[in-house]
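# Coordinate analysis (summary)
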Amino acid sequence: MASPNTAPPPPAGLPRIVAASLIGTTIEWYDFFLYGSAAALVFNKLFFPGSDPLVGTLLSFLTYAVGFAARPLGALVFGHYGDRLGRKKLLVLSLVMMGGATFAIGLLPTHATVGAAAPVLLTVLRLVQGFALGGEWGGAVLLVSEHGDARRRGFWASWPQTGAPAGQLLATGVLSLLTAVLSDHAFGTWGWRIPFLLSGVLVLVGLWMRLSVDESPVFKEALARAESRRQDAVAEKLPLVSVLRHHWRDVLVAMGARMAENISYYVITAFILVYATTSAGVSKQTALNAVLIGSAVHFAVIPAWGALSDRVGRRPVYLLGAAGVGLWMFPFFSLVDTGSFGYLVLAVTVGLVLHGAMYAPQAAFFAEMFATRMRYSGASIGAQFASVAAGAPAPLIATALLDDYGSSTPIALYVIAAAVLTLVAVGVARETRHRDLARVEAEDGESAGAGTAAQARTA
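Not measured: the values here are computed from a predicted model.

### A few points about the overall build of the protein
Looking only at helices and strands, the protein has 19 helices and zero strands in total. Out of the 459 residues belonging to the protein, those deemed buried represent 61%. For the protein, the proportion of contacts with a sequence separation of at least 24, taken over those separated by at least 6, is 86%. Accessible surface, the protein as shown: approximately 16000 Å² in total, 69% of it carbon and sulfur.

Here is the structure:
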């Protein structure tokens with residue numbers, strides 16, 4: 001078994017690195033989720049007028065899905081340069097791109113002003129958002145994973161994961177506040193722009209935090225070894241080529257593991273805003289408040305699930321979350337159908353707690369699958385390519401199923417099928433909890449990665 005030899009940083013160093021990763025992921029997810037909430041609430045009227053309300057929502061969610069389509073490209077580009085140049089530089093770039101695109105959405109003219117150009121511009125900016133987010137996740141979790149020690153890697157690496165519920169909490173909270181203090185007319189006319197414009201201020205805070213941290217020592221050591229090999233005229237393979245050659249099984253495992261996690265999350269947090277307001281007769285404000293409370297609990301439980309994965313392993317915690325989400329779907333919709341705020345909060349909160357059991361160990365689990373000089377590429381590719389088939393169409397498919405069948409049953413079965421796929425993928429994976437990220441045991445160096453992968457599987 002590989003012994004956890006990685007030396008931890010000074011006591012004050014790791015919390016600062018965790019904070020820098022967390023603030024960045026929070027801002028990026030705030031930007032991304034803000035779009036999803038706005039797509040469910042106002043974009044159908046502002047950018048796709050003249051359509052049936054549900055059709056307009058479908059078109060709005062289609063532009064939402066476009067952002068996911070750009071994430072694999074972002075994963076490839078950011079992964080390649082992140083493995084070559086370092087995690088920190090690419091994380092700064094992703095934050096600037098995401099924040100700039102979100103700020104620009106807040107300045108966009110609507111269909112009433114510029115006609116068909118409005119949804120086109122909206123789609124372009126959504127593509128930029130998706131491209132940036134495709135490179136954000138891998139770099140943020142690796143920066144923390146590679147600084148920390150193996151004994152508590154699941155706990156520390158889970159903190160950047162809390163950026164998702166924190167961003168959801170922030171986006172939903174701002175929207176909830178605005179819908180509470182503004183009339184529907186004021187919010188639909190100009191109020192919806194405020195949360196997008198706020199992104200500019202948040203990005204400045206995130207940049208200040210990220211520029212203050214150093215590159216991970218694990219990457220520095222790997223980069224020094226690569227430079228030494230180049231001086232010895234040993235060619236280093238492209239990270240993408242090495243990943244697809246030596247870690248293709250790990251990439252497939254990561255993609256399968258993302259199915260239930262991604263699909264369930266967007267059904268619970270994005271589609272619920274449509275379902276609760278159209279089928280359950282719940283007000284827009286009530287639905288937003290339920291997601292707000294659920295996201296707060298989600299934020300709190302993720303580090304706890306991450307710590308548990310350090311004790312019992314990544315796989316058991318992940319499998320518990322996947323099975324739990326699948327079993328919860330029918331009770332979830334039954335509770336929402338009551339129209340009761342308390343039951344709605346219960347449905348969303350339990351769903352997000354179970355989701356957290358998958359999301360928390362995911363960062364360490366994926367990071368531990370790949371060698372250092374291909375880790376950014378491998379983790380990003382596995383995570384973001386799955387998002388095209390999982391998170392991207394989830395609200396769209398759920399809305400279409402609701403339109404066709406007028407029932408939540410097909411939607412519940414859709415999430416259950418994703419849970420089964422994730423159970424299979426994680427079930428055939430090997431436990432990675434004790435892997436030392438600094439070890440390099442490949443026969444021809446870390447660019448190959450085959451020996452390292454084989455040693456990890458043996459462990």
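### Describing the environment of H298
Mapped onto the secondary structure, H298 falls in helix α13 (residues 284-312). Through-space distance from the C-alpha of H298 to that of V350 is 8.9 Å; in sequence the pair is 52 residues apart. Contacts of H298, omitting those with residues within four sequence positions, involve P165, Y265, L352, H355 and G356.

### Concerning a nonpolar patch on the surface
Together, L73, V77, Y81 and L85 give the surface a local cluster of nonpolar side chains, amounting to about 350 Å² of exposed area. Here V77 is to be found in helix α2 (residues 53-85). Residue classification places V77 among the partly exposed residues on the basis of a relative accessible area of 30%.

### With respect to the environment of V415
Tracing the sequence through the fold places V415 in helix α18 (residues 409-428). Assessed through its relative accessible area of 1%, V415 is described here as buried. Excluding anything up to four places from it in sequence, V415 contacts I263, S264, V267, V325 and M329.

### Describing empty space enclosed by the protein
Using the criterion set out here, one finds three cavities of 30 Å³ or more in the structure. Approximately 70 Å³ is the volume found for the largest cavity. In terms of lining, the largest cavity is formed by W29, F33, A164, R258, E261, N262, Y265, Y266, H298, H355 and Y359. When residues in the lining of the largest cavity are grouped by element, the largest group, five residues, is from helix α12 (residues 248-278).

### Structural notes on the packing of α13 against helix α14 (residues 314-337)
Packing of α13 against α14 leaves a shortest axis separation of 7 Å and a crossing angle of 130°. What the angle tells us is that α13 and α14 run oblique. Here α13 contributes W305, L308, S309, D310 and V312 to the contact with α14, which in turn contributes R314, P316, V317 and L320. Partitioning the contact of α13 with α14 into residue classes produces six nonpolar, one polar and two charged.

### Looking at the confidence of the model for the protein
Overall, the prediction assigns the protein a mean pLDDT of 82, with 87% of residues at 70 or greater. In the predicted structure, residues 1-12 sits below a pLDDT of 50 and forms 27 contacts with residues beyond four places in sequence or in another chain. Throughout residues 440-459 the model reports pLDDT below 50, and contacts reaching past four residues in sequence, or to other chains, amount to 46 contacts.

### Quick notes on the nonpolar core
Generally speaking, nonpolar side chains in soluble globular proteins are found buried as a group. Grouped together as the largest cluster of nonpolar side chains are 130 residues, with contacts concentrated most on F43 and F332. Ranked by residue count, the leading element in this core is α12, at 17 residues. Discounting residues that sit within four places of it in the chain, F332 has contacts with I268, I272, A347 and V348. With five residues, the next largest nonpolar core counts V92, L95, V203 and L207 among its residues.

### Topic: the pattern of salt bridges
This model, assessed by the stated rule, comprises eight salt bridges. When the shortest N-O distance is used, the salt bridge between E136 and R210 registers 2.5 Å. Of this pair, E136 sits in helix α5 (residues 117-145) while R210 sits in helix α9 (residues 193-210), placing them 74 residues apart in sequence. As a salt-bridge pair, E368 and R153 come within 2.9 Å of each other at their nearest N and O atoms. In this pair, E368 sits in the loop between α15 (341-367) and α16 (372-389) while R153 sits in helix α6 (residues 153-161), placing the two residues 215 residues apart along the sequence. A single salt-bridge network, built from bridges that share partners, covers D83, R87, E146 and R375.

Scoring rules and cut-offs
Residues numbered from 1 in each chain as written. Predicted model: local features only at pLDDT ≥ 70, side-chain atom pairs only at ≥ 80, totals over all residues. Heavy atoms only, no water. Helix = DSSP H or I, 4+ residues; strand = E, 2+ residues; numbered from the N terminus. Buried < 20%, exposed > 50% of the residue type's maximum accessible area, 1.4 Å probe, protein only. Contact = heavy atoms within 4.5 Å. Areas by Shrake-Rupley, 256 points an atom, 1.4 Å probe, with all protein chains shown as cover. Patch = residues over 30% accessible without salt bridge, like charges linked within 9 Å, V, L, I, M, F, W, Y side chains within 5 Å. Salt bridge = Lys/Arg side-chain N within 4 Å of Asp/Glu carboxyl O. 1 Å grid on protein atoms, 1.4 Å probe; cavity = no way out; pocket = protein on both sides within 12 Å on 5 of 7 lines; lining within 4 Å. Points joined across faces, edges and corners; volume = space filled by probe spheres on them. Axes fitted to C-alpha atoms, helices over the stretch in contact; angles between N-to-C directions. Parallel < 35°, antiparallel > 145°, perpendicular 65-115°, else oblique. Nonpolar A, V, L, I, M, F, W, Y, C, P; charged D, E, K, R; others polar. pLDDT = per-residue confidence, 0-100. Core = buried A, V, L, I, M, F, W, Y, C linked by side-chain atoms within 4.5 Å.

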